[in-house]
Amino acid sequence: MIYDILQMLIFICLLVIITIPLGSYIAKVFTNQHTFFDFVAKPIEKFVYKITGIDESHEMNWKEYALSLVIFNFLGMIFLFILLVSQGKLPLNPQKLPGISSWHLALNTAVSFVTNTNWQAYNGETTVSYLTQMLGFTVQNFLSAATGLSVAIALIRGMMRHSTKDIGNFWVDITRSIIWIFLPLSLILSLILAQQGVIQNFSSYIRVHTLEGLKQVIAMGPVASQEAIKMLGTNGGGFFGANSAHPFENPTPLTNMLEMLAILAIPASLPYAFGKMVKNTRQGWAIFSAMLILFVIMLGTTYYSEKTGNPIISHINITGPSAMEGKEVRFGIAGSSLFSTVTTAASCGAVNSSLDSMTPLGGLIPMLQIMLGEVIFGGVGSGLYSMLIDAFLAVFIVGLMVGRTPEYIGKKIESYEMKMSILAIIIPASTILIGSAIASVTKTGTSVLLNHGPHGLSEILYAFASTTGNNGSAFAGLNSNTLFYNLITSIAMIIGRFGVIIPALAIAGSLANKKVVPVSVGTFPTDNVLFSVLLVGIVLIIGALTFFPALSLGPIIEQLLMNAGKLF
Amino acid sequence: MSKKESTRMNINSKELIKNAFKKLNPATLFRNPVMFIVEIGSILTTIITIMDFIGKSAERNFDLQISIWLWFTILFANFAESLAEGRGKAQADALRKTRKDIKAKKLIGNKTEVVLGSTLKKGDIVLVEAGDIIPGDGEVIEGVASVDESAITGESAPVIRESGGDRSSVTAGTKVLSDWIKVKISSDPGESFLDKMISLVEGAKRQKTPNEIALTIMLIGLTIILLLATVTIEPYAIYSGTKISIPTLIALLVCLIPTTIGGLLSAIGIAGMDRLIKKNILAMSGRAVEAAGDVDVLLLDKTGTITFGNRMATEFIPAPGVTENELAMAAQMSSLSDETPEGRSIVVLAKDKYGIREHNLKELNVEFIPFTAKTRMSGININNNKEIRKGAIDAIENYVKEKGGNMPEEVLNAVKMIAQNGGTPLVVAENERVLGVIHLKDIVKGGIKERFADLRRMGIKTVMITGDNPMTAKAIADEAGVDEFVAEAKPETKLSLIKEYQANGHLVAMTGDGTNDAPALAQADVGVAMNSGTQAAKEAGNMVDLDSSPTKLIAVVEIGKQLLMTRGALTTFSIANDVAKYFAIIPAMFSATYPQLGVLNIMHLKTPESAVLSAIIFNALIIIALIPLALKGVKYRPLGAAAIFKRNMLIYGLGGLIVPFVGIKIIDIIITFLGLVH
């Protein structure tokens, strides 16, 4: 237990240490300051603009920015969709896997990777070719992460600038994100992972005779190159169906630690970058602290619940008291609890254990983290912009109490910002609630459930939370590769992604156009611990108000019933 | 005060209750989306209850009680609004009563025609003679008269109103005491300041202020989220093998949506206006009151605001070989005929400090020499041999040199000293002999320094504007404790200064009375015009101070802040309340299907029905309980934002979390005791 806690503490410490250098690097990249990497990146950037004809100096208002973003992502979906259905005729396909015949699965997968969700209704090794993995999934892993990051940067610009309609250039932001941030970090991480045993090849699958004399097919592929961005971009789509529980994706405790750090590295650095960019790092730390407080609460609860385990099983005396079902022995309770907390805190969705097998309370936490809006560090960029929207709400609700109309980072929060912030909260929340409601009372919705009773409801809720929150992890109990689920989750992913991005950009545009209100002692302070705690409270209260009824009929009652001796 | 007490009596409680019912009209309630949702819920529940009674359903007793309390929830909110409205209207009516049925002598060509004051239009010209009541707001275009404005300001001393200049504006309801004036009416019927003000306290006509709109959007958003959360319970319940009755779901919804703030929001706004009227300030828009809370720069005229309007003698500095008494005596003599406040202050100082009684002038053969622009001196000649003069240093110097005297070095030094400290030196001479210097000083109003310190703690910067030279200005600024000052200001300085502050994101408030203040008053975010000021100034500003007291600005800022704080406090309270309500209702809803959820019933409410009923009763009663707070406003303290926030968060945030747990439990005990539900 001491080692478990030590592991978690080390993780948190390393995370905090990464935050400062990476955060200030990101801030420099997006404020066009000199970085040590310029000598490589600058020429590449110039080259990209030259061949694409991007005018670097062109500034966009929020509508143009949003339109460019939506068109770009939409084209990405079409490209990926075509690639998926036609992969059988394309090269780099040693297993001769056919094109995906189910159009709704192809659609779902295309939407999933473009929206940074990486919800996988398919099994990687039996469905997609190496070309699809690389040109389709890996490319979208980069682009979707860069999209999220760009939106966060645009929102920060809204706060940095004043009396202008311009919030930056989407093409420039996405290009710089990739060249300066995602590519170099992915390269380094891939090399380390490969060194640790993650495979990187184009071989066809190997047939081996096992010691028991059985025949087994071992899947191969260019894993390391995809694994790095899968984590760094909080994408989470596994090369293999088993995701990060697969030894070729996550072979050692070291890679486990590195992969977890990679998931949170950029999301956790962004608050600091935000602080740097608005010239008050305390503001950044206040946001970071709120995220960290929530993270520790969630991690503690998951670990406690998994460690305590299932009382019914422990009475039978076959294992210890803890819940080892569905977990890799390599990682144990701590490594698995930490990983699942990290992956659902960030909108990553990579998993190294089966979430479905967790204790009800342990499973509640990943679900709750997604339902809270993926703000506990969250996805790359999306975590920060969603948390900032919560900050606007927090400032608005309680900021009035100091006797001034609310302001945040020198910007007045008025009816337009409120409208957009509220939309960014309502849109995903209603998608989860309504989607789950439809699924829970229709035959098509409930017929594919592996479990019934409250656990079945948890599986449905999780599916909608995960797709809407662009997380992508799943309670595996739900066989989601059906027309109904493929379509409805595709819709959920699109709404959950753009239903927050567009309001966030609208806020960016509106804030950029405002004057800066000078700070005085009469200003509601948003750069201290009190504000962090307040933000935690607002995030929890809004989440609880929205989902408490649903959760109490799912995981909460399940936990209570389990304690009373009833399982599902 | 007796006037105000009597107006409060005018609020008829029957009228209030009638109004509360009138406001149930969906067409008007639609303006308040949160309460509108409650009304829809109430109607639905009532219909279900009626059907229960027809079908003799077992639920009928319970559903009936839910319906009743839902209706009470709306009525309580309406009552709060009526109460706030009633108070404001009563005050406004008292002001308006003075102008009812005033007969006006309207000038048509050379003839006058007697018409009713309420029919006068903008541009009409009326003649007002001694004993007449001025029939409408307007501007004196001809004549001069003394006017009794006590009906508006409560100040009994009559004031002079004359055409041209800064004293040309007259207010309806005031009375001309002597002479006559011709008044050009400046507003159409129903558009005078008072009419505008009255419309601000009438809920139905009231325009929402920007912050109220933003808050309403937030509350609508919250309501939609909670509506979804409640509506989707039914499918989840069906999945779980149970069904929740619609009245129970509606009860949960109404408990959860922010009815506390939703119900009291307009009452808070109206009450803010009431508080302004109570301070004798008429606001032209609710927006201005809100902006007052945000103001972070106050532009203050030195004269009249920071200092008393006039300089006063504070000290006699004798020349070498002259005693202080001698100087004081001469100074007093020279000022006996001087009716200016400065002159009188010299007499008073001599009397108070040196015990010099006023002389019996009749015994002396005296001739008073008045001040002229040419000599720039005034004084007195006694018995044709003693000439006492007082005046500026150069005038006196010339005077004594002519008589063969000279100006002692010490006196020159004293003059210099006084000027350096921001005072005005007056030199006194008797024939060729210089007696010494009188120190005239701007007197900073008592307590003003503390007010400015308070403002500083609130994060508000004070800027003093004066036409004085920088040296004088600095001395006063230091003494009064303002943050900044602008000396040698010209009329247009104010406007450019305001623009400059606004460009840097500040919100600026100022007071003004003259026509040349009008552009600045219009530019300022909060412009308070003095009622004694010109019509132009009053039209440019967005508030009028009936007492014409420049320090009112500070009160305006406090009222603005209080208004915003009250909204914030009740919003926080309202949302924090929801936690307890979930804990009361959710376990109750599923008590049959999942008795294990009873663990969440941490209040140990007796039965599921009593739990739901207690929550809805608490929800309705808390509105009534908070009406006094909504009307009075959250107590305001001049502290920094961080300190205010901590305090209010503790009271309304934490309080909002805990109070409903206690309240619901107590109600549960009572209704179980009364046997209202099984």
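Residues numbered from 1 in each chain as written. Chains lettered and ligands numbered in written order. Predicted model: local features only at pLDDT ≥ 70, side-chain atom pairs only at ≥ 80, totals over all residues. Heavy atoms only, no water.

## Notes on the overall build of chain B
- A count of helices and strands for chain B gives 24 helices and 20 strands.
- Computed over C-alpha atoms, the radius of gyration of chain B comes to 34 Å, more than 25% over the 26 Å expected from 2.2 N^0.38 for 678 residues, which places it beyond the range of a compact globule.
- For chain B, the C-alpha atoms occupy an extent of roughly 115 × 60 × 45 Å along the three principal directions.
- For chain B, with 678 residues in total, the buried portion stands at 55%.
- A sequence separation of at least 24 residues applies to 69% of the contacts in chain B between residues at least 6 apart. (Helix = DSSP H or I, 4+ residues; strand = E, 2+ residues; numbered from the N terminus. Rg over C-alpha atoms; globule rule 2.2 N^0.38 Å. Buried < 20%, exposed > 50% of the residue type's maximum accessible area, 1.4 Å probe, protein only. Contact = heavy atoms within 4.5 Å.)

## Considering a nonpolar patch on the surface
- On the surface, a cluster of nonpolar side chains totalling about 1000 Å² of accessible area is made up of L650, I651, L654, L657, I658, V662, I666, I670, F673, L674 and L676 of chain B.
- Among the structural elements, L674 of chain B can be located in helix α24 (residues 641–674). (Patch = residues over 30% accessible without salt bridge, like charges linked within 9 Å, V, L, I, M, F, W, Y side chains within 5 Å. Areas by Shrake-Rupley, 256 points an atom, 1.4 Å probe, with all protein chains shown as cover. Salt bridge = Lys/Arg side-chain N within 4 Å of Asp/Glu carboxyl O.)

## Points about the UniProt feature "transmembrane region" (unreviewed entry) in chain B
Residues and elements named next belong to chain B.
- Here, UniProt's "transmembrane region" (unreviewed entry) annotation points to residues 34–54, 66–84, 213–238, 244–271, 611–631 and 651–677.
- The span residues 244–271 shows a helical share of 86% and a strand share of 0%, and its end C-alpha atoms are spaced 41 Å apart.
- In residues 651–677, the share of helix is 89% and the share of strand is 0%. The end C-alpha atoms are 33 Å apart. (UniProt positions renumbered as here; feature names shortened; annotations may be inferred.)

## Regarding the nonpolar core
- In this structure, F295 and Y408 of chain A are the most contacted members of the largest nonpolar core, which totals 322 residues.
- No other element matches helix α22 (residues 552–589) of chain B, which puts 18 residues into this core.
- Discounting residues that sit within four places of it in the chain, Y408 of chain A has contacts with M159, F274, Q283, I287, L388, A391, F392, V395, I413, T526 and F531 of chain A.
- A319, A328, V437 and I438 of chain B belong to the second-largest nonpolar core, a separate cluster that totals 38 residues. (Core = buried A, V, L, I, M, F, W, Y, C linked by side-chain atoms within 4.5 Å.)

## Quick look at the side chain of S336 of chain A
Residue and element names in this part refer to chain A.
- The residue S336 is located in helix α12 (residues 332–345) in this model.
- We classify S336 as buried; its relative accessible area is 1%.
- Setting aside its immediate chain neighbours within four residues, S336 contacts K327, F331, N352 and S353.

## Here's the deal with the interface of chain A and chain B
- Taken together, the contact between chain A and chain B spans 63 residues of the former and 62 residues of the latter.
- Overall, the association of chain A and chain B removes approximately 5000 Å² of surface from exposure, summing both partners, and the carbon and sulfur fraction of that is 79%.
- Interface area lost by chain A to chain B is led by M401, L545 and L553 of chain A, which between them contribute 16%.
- Linking chain A to chain B there are one salt bridge.
- Ionic pairing is found between K412 of chain A and D294 of chain B, a salt bridge with its closest N-O pair at 3.4 Å.
- For the interface between chain A and chain B, the tally reads eleven residue pairs in polar contact (both at pLDDT 80 or more). (Buried area = accessible area lost by both parts, 1.4 Å probe. Polar contact = N/O pair within 3.5 Å; in protein donor to acceptor, adjacent residues only side chain to side chain.)

## Description of helix α11 (residues 259–278) of chain B
Residues and elements named next belong to chain B.
- In a regular helix each residue adds 1.5 Å, so 20 residues correspond to 28 Å; α11 covers 29 Å between its end C-alpha atoms and thus fits that length.
- At L265, α11 shows its maximal kink, close to 40 degrees.
- Burial within α11 is extensive, with 19 of its 20 residues counted as buried.
- Backbone geometry just downstream of α11 places N280 in the positive-phi region, at approximately 65 degrees. (Expected span 1.5 Å × (residues − 1). Bend = angle between axes of the 7 residues up to and from the residue.)

## So, the packing of aromatic side chains
- For the structure on display, the rule yields 29 aromatic pairs over all chains.
- Taken together, a centroid distance of 6.3 Å and an interplanar angle of 40 degrees make the contact between Y130 of chain A and F202 of chain A tilted. Of the two residues, Y130 of chain A sits in helix α6 (residues 130–160) while F202 of chain A sits in the loop between α7 (170–196) and β1 (206–209), which places them 72 residues apart along the sequence.
- With a centroid separation of 5.1 Å and an interplanar angle of 50 degrees, the aromatic rings of F548 of chain A and Y582 of chain B are classed as tilted. One end of the pair, F548 of chain A, is in helix α19 (residues 529–563); the other, Y582 of chain B, is in helix α22, on a second chain. (Phe/Tyr/Trp six-rings, centres within 6.5 Å; stacked < 30°, edge-to-face > 60°.)

## Considering the domain arrangement of chain A
All names here are of chain A.
- Assigned domains of chain A: these are domain 1 (11–278) and domain 2 (382–563).
- Inter-centroid distance (C-alpha atoms) of domain 1 to domain 2 is 24 Å.
- For the interface between domain 1 and domain 2, the tally reads zero salt bridges.
- Counting only elements with at least two residues in the side of domain 1 that touches domain 2, the list comes to α3 (62–86), α4 (103–114), α6 and α9 (253–277).
- Per-element tally for the side of domain 1 that touches domain 2: the top contributor is α6, with ten residues.
- Looking at side-chain class alone, the side of domain 1 that touches domain 2 contains 23 nonpolar, 17 polar and three charged residues. (Domains from an automatic or database assignment. Nonpolar A, V, L, I, M, F, W, Y, C, P; charged D, E, K, R; others polar.)

## Description of the environment of R31 of chain B
All names here are of chain B.
- Within the element layout of this structure, R31 appears in the loop between α3 (26–29) and α4 (33–54).
- Among the residues examined, R31 registers a relative accessible area of 35% and is labelled partly exposed.
- When the C-alpha positions of R31 and T216 are compared, they lie 9.9 Å apart, and in sequence the two are 185 residues distant.

## Description of the domain arrangement of chain B
All names here are of chain B.
- Taken domain by domain, chain B consists of domain 1 (13–90 + 200–277 + 557–674), domain 2 (103–191), domain 3 (295–306 + 445–546) and domain 4 (309–441).
- Taking only C-alpha atoms, the centre of domain 1 and the centre of domain 3 are 43 Å apart.
- Taken together, the contacts link seven residues of domain 1 with seven residues of domain 3.
- When domain 1 packs against domain 3, close to 610 Å² is buried across both sides, 67% of that on carbon and sulfur atoms.

## Observations regarding the pattern of salt bridges
Residue and element names in this part refer to chain B.
- All told, the structure shown has 37 salt bridges over all chains when counted by the stated rule.
- Of the charged contacts in the structure, one is a salt bridge between D124 and K106, with a shortest N-O distance of 3.8 Å. Here K106 lies in strand β1 (residues 103–108) and D124 lies in the loop between β2 (111–116) and β3 (125–129), a separation of 18 residues in the sequence.
- The class for K106 is partly exposed, based on a relative accessible area of 23%.
- With a shortest N-O distance of 3.1 Å, R433 and E326 are connected by a salt bridge. Here R433, found in strand β15 (residues 433–444), pairs with E326, found in helix α13 (residues 324–335); they are 107 residues apart in sequence, far enough to count as distant.
- Overall, the relative accessible area of 28% leaves E326 in the partly exposed class.

## Digging into the sheet that holds strand β8 (residues 281–283) of chain B
All names here are of chain B.
- Strand order in the open sheet formed by seven strands is β8-β20-β19-β18-β9-β16-β17, with mixed pairing between adjacent strands. Lying at the two open borders of the sheet, with one neighbouring strand each, are β8 and β17 (484–486). If you compare each strand with its neighbour and ignore which way they point, the axes differ by 20 degrees on average.
- Examined bridge by bridge, strand β19 (residues 526–530) and strand β20 (residues 543–545) share three bridges and lie parallel to one another. Across the sheet, the residue bridging to V528 is M543, located in β20. (Pairing = 2+ DSSP bridges. Axes fitted to C-alpha atoms, helices over the stretch in contact; angles between N-to-C directions.)

## Focus on the confidence of the model for chain B
All names here are of chain B.
- On average, residues of chain B score 85 in pLDDT, and 94% of them reach the 70 mark or higher.
- Ignoring residues within four places in sequence, the model shows residues 1–9, a span with pLDDT below 50, making seven contacts including any to other chains.
- Per the prediction output, this complex has pTM 0.87; the corresponding ipTM is 0.92. (pLDDT = per-residue confidence, 0-100.)

## A few points about the packing of helix α8 (residues 210–231) of chain B against α11 of chain B
Residue and element names in this part refer to chain B.
- At a minimum axis distance of 11 Å, the contact between α8 and α11 shows a crossing angle of 165 degrees. Taken together, the axes of α8 and α11 lie roughly antiparallel to each other. Handedness of the crossing formed by α8 with α11: left-handed. Between α8 and α11, the contacting residues are E212, L215, T216 and L219 on the first element and I261, G262, L265 and S266 on the second. (Parallel < 35°, antiparallel > 145°, perpendicular 65-115°, else oblique. Left-handed = near helix turned anticlockwise from the far one by under 90°.)

## Description of unusual backbone geometry
- Here K96 of chain A, not a glycine, exhibits a phi torsion of approximately 55 degrees, which is positive.
- Residue position: K96 of chain A is located in the loop between α3 and α4.
- Positive phi, close to 50 degrees, is recorded for N431 of chain B, a residue that is not glycine.

## Side note on the pairing of strand β9 (residues 297–301) of chain B
Residue and element names in this part refer to chain B.
- β9 sits mainly inside the fold: four of its five residues count as buried.
- Relative to strand β16 (residues 461–465), β9 runs parallel, the two sharing five bridges. Residue pairing in the sheet places L300 in a bridge with M464 of β16.

## Considerations on the packing of helix α12 (residues 286–294) of chain B against α22 of chain B
All names here are of chain B.
- Running from N to C, α12 and α22 point in directions that differ by 95 degrees, and their axes come no closer than 7 Å. With respect to α22, the element α12 is oriented roughly perpendicular. On the side of α12, the interface is formed by V289, E290, A292, G293 and D294, while α22 contributes V556, V557, I559, G560, K561, L563, L564 and R567.

## Brief notes about the side chain of D390 of chain A
Residue and element names in this part refer to chain A.
- Relative to the helices and strands, D390 is located in helix α14 (residues 382–399).
- An unpaired buried charge is present at D390: no salt bridge exists, and R497, the closest side chain of opposite charge, is 15 Å distant.
- Beyond its immediate chain neighbours, meaning those up to four positions away, D390 contacts L372, V375, I425, L535, I538 and V539. (Lys, Arg positive; Asp, Glu negative; His and termini not counted.)

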